[in-house]
Amino acid sequence: MIPYTVNIKLAARTLTGTVNLQNKTAVDWGWQGLIAQGCHSSILIIDPKTAQTIQVLERHKANVVKVKWSRENYHHSLSSPYSLRLASADALGKIIVWDVVSGTAHCEIQEHTKPIQDMEWLWTQDASRDLLLAVHPPNYIVLWNGDTGTKLWKKSYAENILSFSFDPFDPCNLALLTSEGIVFITDFSHSKPPGSGGKKVYIASPHASPAHNKPAAPTGAKKALNKVKVLITNEKPSAEVVTLNDCLQLSYLPSKRNHMLLLYPREILILDLELSQTVGVVAIERSGVPFIQVVPCAQRDALYCLHENGCITLRLCRSTSASADESDPEQCTQELVYDLRSQCDAIRVTKTVRPYRVVICPVNENNAALVVSDGRVMLWELKAHPAKPIVNPSSGLSPLYSPVSFCGTPLGQNQKKIPDLSLNTMIGQNLGPGSDAPCLPAQQEVQLKFLLTGLQSGLPLPPFALRMCPPLTTKNINHYQPLLAVGTSNGSVLIYNLTGGVLHKELSVHSCEVRGIEWISLTSFLSFATSAPNNLGLVRNELQHVDLPTGRCFAFRGERGNDEPAIEMIKVSHLKQYLVVVFRDKPLELWDVRTGSLLREMAKNFPTVTALEWSPSHNLKSLKKKQLAAREAMARQTVSDAEQSSVESSVISLLQDAESRTETGQGISAREHFVFTDTDGQVYHITVEGNTVKDGARIPPDGSMGSIACIAWKGDTLVLGDVDGNLNFWDLKARLSRGIPTHRGWVKKLRFAPGKGNQKLLVMYTDGAEVWDTKEVQMVSSLRVGRNVTHRILDIDWCTSDKVVLASDDGCIRVLEMAMKSASYRMDEQDLTEPVWCPYLLPPRASLTLKVFLLLQPWSGSFTMDITQIDYTEKDEIKGLIQEQLNSLSNDVRSVLQDPELNQLQRSLLVSLLFGDESDLQFWTVAAHYLQVFSRAQQLDVPVPGARARARGGPACHLDICHDTLCESSYFQRFQLERVHLQEVKRSSYEHTKKCADQLLLLGQTDRAVQLLLETSADNPSYYCDSLKACLVTTITSSRPSQSTIKLVATNMIANGKLAEGVQLLCLIDKAADACRYLQTYGEWNRAAWLAKVRLNSAEGSDVLKRWAEHLCSPQVNQKSKAILVLLSLGCFLRVGEMLHSMRYFDRAALFIDACLKYGVMEANDSTNIL
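Residues numbered from 1 in each chain as written. Predicted model: local features only at pLDDT ≥ 70, side-chain atom pairs only at ≥ 80, totals over all residues. Heavy atoms only, no water.

Within the protein chain, the regular secondary structure consists of 23 helices and 60 strands. Residues classed as buried in the protein chain amount to 54% of the 1171 residues present. The contacts of the protein chain with a sequence gap of at least 6 include a subset with a gap of at least 24, amounting to 54%. (Helix = DSSP H or I, 4+ residues; strand = E, 2+ residues; numbered from the N terminus. Buried < 20%, exposed > 50% of the residue type's maximum accessible area, 1.4 Å probe, protein only. Contact = heavy atoms within 4.5 Å.)

One finds I45, L86, L1091, F1133 and F1152 to be the most contacted residues of the largest nonpolar core, which totals 148 residues. Ranked by the residues each element gives to this core, the list is headed by helix 9 (residues 918-940), at 10 residues. Discounting chain neighbours no more than four positions away, the residues touching L86 are A36, I43, I45, L57, V67, K68, W69, I96, V97, W98 and V100. Residues L484, A485, V493 and V509 belong to the second largest nonpolar core, which totals 30 residues. (Core = buried A, V, L, I, M, F, W, Y, C linked by side-chain atoms within 4.5 Å.)

This part is about unusual backbone geometry. With an omega of -5°, the peptide bond running from P137 to P138 counts as cis. Secondary-structure assignment places P138 in the loop between strand 11 (131-136) and strand 12 (140-145). Going from P462 to P463, the amide bond is cis rather than trans, its omega being 5°. One can find P463 in the loop between strand 33 (445-456) and strand 34 (465-468). Of note, the phi angle at V777 is positive, near 50°, even though the residue is not glycine. On the accessibility criterion, V777 (14% relative accessible area) is buried.

Looking now at helix 11 (residues 969-986). Given 3.6 residues per helical turn, the α-helix brings residues three or four places apart onto the same face. In this model helix 11 runs 26 Å from its N-terminal to its C-terminal C-alpha over 18 residues, within 8% of the 26 Å that 1.5 Å per residue would give. Listed in full, the buried residues belonging to helix 11 are Y971, F972, F975, Q976, R979, V980, L982, Q983, E984 and K986. (Expected span 1.5 Å × (residues − 1).)

This brings us to empty space enclosed by the protein. Per the counting criterion, the structure on display carries six cavities of 30 Å³ or more. There is about 60 Å³ of room inside the largest cavity. As for the largest cavity, its lining consists of K851, L855, S908, V911, S912, D920, W924, D1147, R1148 and L1151. When grouped by side-chain class, the residues that make up the lining of the largest cavity number four nonpolar, two polar and four charged. (1 Å grid on protein atoms, 1.4 Å probe; cavity = no way out; pocket = protein on both sides within 12 Å on 5 of 7 lines; lining within 4 Å. Points joined across faces, edges and corners; volume = space filled by probe spheres on them. Nonpolar A, V, L, I, M, F, W, Y, C, P; charged D, E, K, R; others polar.)

Our focus in this paragraph is the packing of helix 5 (residues 844-855) against helix 6 (residues 876-887). The interhelical angle for the contact between helix 5 and helix 6, taken along N-to-C directions, is 55°, at an axis separation of 10 Å. By the angle between their directions, the pair helix 5 and helix 6 is classed as oblique. Of the two possible hands of crossing, helix 5 and helix 6 adopt the one that is right-handed. Here A846, T849, L850, F853 and L854 of helix 5 come into contact with helix 6, specifically with I878, I882, Q885 and L886. Grouping the amino acids of the contact of helix 5 with helix 6 by side-chain chemistry returns seven nonpolar, two polar and no charged. (Axes fitted to C-alpha atoms, helices over the stretch in contact; angles between N-to-C directions. Parallel < 35°, antiparallel > 145°, perpendicular 65-115°, else oblique. Left-handed = near helix turned anticlockwise from the far one by under 90°.)

This next bit is on the environment of L455. Mapping L455 onto the fold places it in strand 33. Residues L455 and L379 lie 76 residues apart in sequence; the distance between their C-alpha atoms is 6.0 Å.

So, on to the sheet that holds strand 7 (residues 85-90). In spatial order, the strands read 6-7-8-9; together these four strands make up an open sheet with antiparallel pairing. Each of the sheet's edge strands pairs with one partner strand only, and the pair in question is strand 6 (64-69) and strand 9 (104-110). The sheet shows a mean angle of 20° between the axes of neighbouring strands, direction not considered. Here strand 6 runs beside strand 7; their pairing, made up of five bridges, is antiparallel. Along strand 7, the bridge assignment pairs V64 with D90. (Pairing = 2+ DSSP bridges.)

Bringing the sheet that holds strand 41 (residues 552-555) into the picture now. Spatial ordering of the open sheet is given by 38-39-40-41, a layout of four strands whose pairing is antiparallel. A strand with exactly one partner marks an edge of an open sheet, and here the two such strands are strand 38 (514-519) and strand 41. Taking the axes of each pair of neighbouring strands and ignoring which way they run, one obtains an average angle of 25° across the sheet.

Now for a positive patch on the surface. On the surface, a cluster of positive charge is made up of K475, K621, K624, K625 and K756. Summarising the element assignment, K625 is placed in helix 3 (residues 620-639). By relative accessible area, K625 is classed as exposed at 63%. (Patch = residues over 30% accessible without salt bridge, like charges linked within 9 Å, V, L, I, M, F, W, Y side chains within 5 Å. Areas by Shrake-Rupley, 256 points an atom, 1.4 Å probe, with all protein chains shown as cover. Salt bridge = Lys/Arg side-chain N within 4 Å of Asp/Glu carboxyl O. Lys, Arg positive; Asp, Glu negative; His and termini not counted. Charge placed at Lys NZ, Arg CZ, Asp CG, Glu CD.)

As a further point, take the pairing of strand 44 (residues 589-592). Look at any regular strand and the pattern is simple: side chains alternate between the two faces of the sheet. Alternating residues of strand 44 divide into E589 and W591 and L590 and D592, and every residue in both groups is buried. In sequence, strand 44 turns back onto strand 45 (residues 597-601) through a hairpin of four residues, with G596 there showing a positive phi of about 70°.

Here helix 7 (residues 891-898) has its buried residues at V893, V896 and L897. Within helix 7, the buried residues cover an arc of 100° as seen down the axis, which keeps them to one side. The secondary structure elements touched by the buried residues of helix 7 are strand 31 (405-406), helix 5 and helix 8 (904-915). (Arc of directions from axis to C-beta.)

Let us now look at the packing of helix 18 (residues 1085-1095) against helix 19 (residues 1098-1113). Their axes nearest at 9 Å, the elements helix 18 and helix 19 cross at an angle of 155°. Classified by the angle their axes make, helix 18 and helix 19 are roughly antiparallel. You can see that helix 18 and helix 19 cross each other, and the crossing is left-handed. Taken together, the residues of helix 19 that come into contact with helix 18 (itself represented by W1085, N1086, A1088, A1089, A1092 and K1093) are G1101, V1104, L1105, R1107, W1108 and H1111. Among the residues forming the contact of helix 18 with helix 19, the class breakdown is seven nonpolar, three polar and two charged.

Now for the pattern of salt bridges. One pass over the structure, following the stated rule, counts 48 salt bridges. The closest approach of N and O atoms between D795 and K749, which form a salt bridge, is 2.6 Å. Linking D795 in strand 58 (residues 793-800) with K749 in strand 54 (residues 747-752), this pair joins segments that are 46 residues apart in sequence. Salt bridges sharing partners connect three or more residues here, namely R557, R560, E564, K586, E589 and E601.

What follows concerns the packing of aromatic side chains. As enumerated under the stated definition, the model contains 20 aromatic pairs in all. Here Y82 and F915 contribute two aromatic rings whose centre-to-centre distance is 5.2 Å and whose plane-to-plane angle is 50°, an arrangement assigned as tilted. Of the two residues, Y82 is situated in the loop between strand 6 and strand 7 and F915 in helix 8; the sequence distance between them amounts to 833 residues. Plain terms: the ring middles of Y578 and W614 are 6.0 Å apart, the flat faces sit at 20° to each other, and that makes the pair stacked. Of the two residues, Y578 is situated in strand 43 (residues 578-583) and W614 in strand 46 (residues 611-618); the sequence distance between them amounts to 36 residues. Judged on exposure class, the residue Y578 and its partner W614 are both buried. The structure contains a cluster of three or more aromatic residues connected by ring pairs, namely Y578, F606, W614, F674, F676 and Y684. Across from the ring centre of Y157, 5.3 Å away, lies the NZ or CZ of K155, which sits over that ring. Directly above the ring of F923 sits R1148, whose terminal nitrogen or CZ lies 5.0 Å from the centroid. (Phe/Tyr/Trp six-rings, centres within 6.5 Å; stacked < 30°, edge-to-face > 60°. Lys NZ or Arg CZ within 6 Å of the ring centre and 35° of its normal.)

Now the structure itself:
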């Protein structure tokens, strides 16, 4: 037997049910590792690892339409701690920013009263961590300070804005999806609103151009073929062209710069924004299931797609390099192809059950949560399984390989690793052109599968019938569980354990709606349900007896119940001995609960019952006294027969009766009473003892009361409620009665609170509820629909002596304080059934201590997970909290953290993943990569550029392309060439051809550029210009005079505002370094960095990038974190250390310098010792 710890204080909480249609888009998975989901006007916070609700936020008056976690892209310290911040917006235009742990609001924001269309926290957090951009219908975007609620600026646009997407590579770029097309904003800043109205583009399908006369790949849907030709135009398209109305979603791809996806029900278009042209299409077969939503990944070029049948599919981009059959150019009509690599099971879609949204974990990108309209949240995890290599792959999919490194550095010989840590540790990088075979024998081929790891289900649709189990007493304290029985409309009874708010059991008891439940012990109850009436007004009544531990149900009334008037109510006596069943148009029945036998069916002339209640008084105590006396007498009787006559025969008979009862396992029958009222308001009193039923006194009706609707009796207080809202309080001891009109209409229910001497009374009306103190005869608190809540109350009960439970028509059941104010609770007061790993729940100091504890334990050779062994001064409660967090880590993670093979870089990366710390994660990913590159270059003792080429053959390949200009030049160059090649295949107008030629010239691919320039048709106005340019490109020699002339011309062009043309000319004569300098002078910093990466050698390139880093540090730009990453990629480790120190990132600086010294890329000399 497990010893129960009985928690007498239950936390206030909300049990939620189905999700409203307006909540469809209100779900978000934050870097903090938690999921927020809107459910009507409340917000649930769900822990995806254990699938439990850990907080419900209530403050909104309308349905929640958007929720967004704040980003964690900043360095965390005591002044800027790990905290759970969430913004939520509702259908009345109110935005609330929450402190989730305490359940309080930081600030409330209101601009208009229409539903917020979209909102997002700004991802660059160097300047401020609190900026929130929101779309207020119809056409405003407003930038708010999410901490204070102040408005920074507001801007309106010509069309209605549907949603927006930030460019994940450049904080100045923002794309708005409007009702007419797309608006690109390139001058977004937090200090002032965008200056222009943005660049508007429309989507149109051009006339068939020569590039598209080739037969396209057989995608099945004809519509898809037409859409492939979609390009973006600046003119408004005519009516018959494809417009944007059926575009469901627009998002930038976080895996590569300047790419965007547009989602249509039957295809996904991938656009290259430099070319404004479709470079890839994911189309669905004609019989396939349409898309609802797509989530692009950052770690790999992959898309998670949600389909209308609730199926989540993962599509991975195939490597763009042309395969072996390059001899046939027709074969490689290239476009980006996304192969279906894995899919999960679909759900059964019905009228009320349909998938709403999928969210992906932003830290690992291998966990998905699907929100279904019936309130379920399905948690899917992507797993990588080793696959056997296929000899002749018929599917045509290239195999996937697992990466060889773990957390950024190569795996040790017998090092433990976590297999499915994140998406980029499951699948290796796409290998470059020509390298179809894996470059390393160590690579394991893998297959991906979805696994359902958690399911959180909500309550079914209302109405509900509630009943709390019998109250806690001194006798049952050792095994008491606070169980709430909820009868539902589909006939099942749900039992919730209110300690943790967890569903304890779901029992399918009835075939129709449950009308009422009465407990007959701590582990069994009676419930009744009535079917819909037939044309005679008769129904089928079901009254079931349910035993909880076994789940056994049986029909309590045996064969009775078909074709009879409906049961109105059932009432069980206080000692749980007797049961009264009241019918609509039929006299009541009286049953013995213990034997299940019918004691009395009342006569036909019995009055119609309108309300009934059992009296709390009984004669059990006196009976037990008599029984004891009889026992003693019996014992004396065996001593002397002479005294036999002195023992009353009645006592002996009573005793024999009691003895036989105890043999049959039943107690003695005590006398109990009940009172009821008839339609005239007359009160009857009836006594039941054993199987005798006696009629007692009758009290005439009270003239001030209408028809009595319900009665409650506790101690010496009897309360009557009528259909007009009058309450009548009777003091039976003093024989006084007092009537109070509440003017609230029909009194539906009266319930006394449990606990000795607790005379609080809960009253339910059609429009809400009230709590009364019957001693003082005054109201304690009130709840009214429309005034303080928007939902209607369906049922009420007490769950402890000071907390009430209310069921409402928004499908939720709320446990509230007696004041009945629905409030969020503090998370640290919660009793969770399973421990949750979330450092954000700890106080600031504790979460940082925990982080340091996991990162560094220099005092001992081995690594411990027990903080109590460590000698550091801290309050015990904080140590306890930290230890709880350590204990909640999974065994995989613990064993890896304790593994002596885990090096410091891997540890730093792993801890930033565990904490969901975005800025740490980026820093350590780039640092780990370049520390190894430069330390290897030093060991080989060669200058760095050569080392890079050689080092790439080494185990750590290259940084993923999602790091953009931080990648190695050689890899970046190769990616850009592939990209231009793709653009060239896809071009469909002169504009596109010109852009391609320009890019090729900058990349130094002169021969290909000349071919494109010569394609210009003779009637094109720029025919002459292009032909001359082609001649120029082919004839450029390294002769001095021509070079100086071209340089002069180029500088003049730049001076006269033709920057792009001048830069091209400089690139032609190999003066790319000058070109970069001009670009930087004119503020084109990103373009300069791009050019430096693709054209310059390492020394010149690093000069350009260092200037860029300095620019990023300047106060008006203030992107120091980006500058640090740029310096890391250049190997300026000492400068990085100094910068970290000057920014007061002491913990990161210390770890970084330690790693540098270990890798030998920094000498321990005076300047480093200062740090």
